[in-house]
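# Coordinates in review
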Amino acid sequence: LDTNHDSLISKEEFECLLSNPVAAKALQEVGVDAVGLVDYADVIFENEAGDGYDKAFTVADFIQVVLGLRGTCTATVKDIVDLRKYIRHVTFRSEANLEQTSSRLMRIEDKLDKLLGLSGSQQSRNSVYKKNTPISFTSQASIDAGAGQD
């Protein structure tokens, strides 16, 4: 189980465990779906920051986590609270990424405006110039209609 003898179970060791037929059979015997457990590896080993899968468990903690994933286990209030915290964390991280992307896009638009000689007018945000003809970004039909006119 602990192949590198550091007293912790890593994602890599977990994956090796699941590829062992004897271990997979032992998991099945205690009610853990070994095949389904493969799908949970990323969730189990995701670190607290949510930017990697380098979390590791003591053997006792690992066994507790795995046994908690048995199909016969029912969801507890604690499970629901943990799920809520996880969803909030992922949502906040996604919102932060979206905000960064939006900020980068605005900087790119500003640079494009300067390159095209536009001075921050509303027109520069809503249209693009192709053969001196503005095409509105907001109207997909206009873009599709003009696609075959070249």
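The following refers to the structure shown. Remember, predicted model here, so these are calculated numbers, not experimental data.

Reading the values: the criteria
- Residues numbered from 1 in each chain as written.
- Predicted model: local features only at pLDDT ≥ 70, side-chain atom pairs only at ≥ 80, totals over all residues.
- Heavy atoms only, no water.
- Salt bridge = Lys/Arg side-chain N within 4 Å of Asp/Glu carboxyl O.
- Helix = DSSP H or I, 4+ residues; strand = E, 2+ residues; numbered from the N terminus.
- Buried < 20%, exposed > 50% of the residue type's maximum accessible area, 1.4 Å probe, protein only.
- Arc of directions from axis to C-beta.
- Contact = heavy atoms within 4.5 Å.
- Polar contact = N/O pair within 3.5 Å; in protein donor to acceptor, adjacent residues only side chain to side chain.
- Phe/Tyr/Trp six-rings, centres within 6.5 Å; stacked < 30°, edge-to-face > 60°.

### Side note on the pattern of salt bridges
In this structure the tally under the stated criterion is 5 salt bridges. The salt bridge partner of Lys-11 is Asp-42, with a shortest N-O separation of 2.5 Å. Highlighted residues: Lys-11 in helix H1 (residues 11–19) and Asp-42 in helix H3 (residues 34–45), separated in sequence by 31 residues. Asp-42 sits in the partly exposed class, given a relative accessible area of 34%. Counted as one network, the salt bridges with shared partners bring together Lys-11, Glu-15 and Asp-42.

### Some words on helix H2 (residues 21–29)
Of the residues making up H2, those classed as buried are Ala-23, Ala-24 and Leu-27. Projected down its long axis, H2 carries its buried residues within an arc of 100°, all on one side. Opposite the buried face of H2, by more than 90 degrees, sit the exposed residues Pro-21, Val-22, Lys-25 and Glu-29. Taken together, the buried residues of H2 touch H1, H3 and helix H4 (59–67). Structurally, the start of H2 carries an N-cap: the backbone nitrogen of Val-22 is 2.8 Å from a side-chain oxygen of Asn-20.

### Some thoughts on the environment of Pro-21
Position of Pro-21 relative to the elements: it lies in helix H2. C-alpha separation for the pair Pro-21 and Ala-34, spaced 13 residues apart in sequence, amounts to 9.8 Å.

### Some points on the packing of aromatic side chains
With the rule as written, the count across this model stands at 3 aromatic pairs. With a centroid separation of 5.3 Å and an interplanar angle of 50°, the aromatic rings of Phe-14 and Phe-45 are classed as tilted. With Phe-14 in helix H1 and Phe-45 in helix H3, this pair connects stretches of sequence that are 31 residues apart. There is no split in this pair, since Phe-14 and Phe-45 are both buried. Each ring, one from Phe-14 and one from Phe-62, has its centre 5.6 Å from the other, and the planes form 75°; the classification is edge-to-face.

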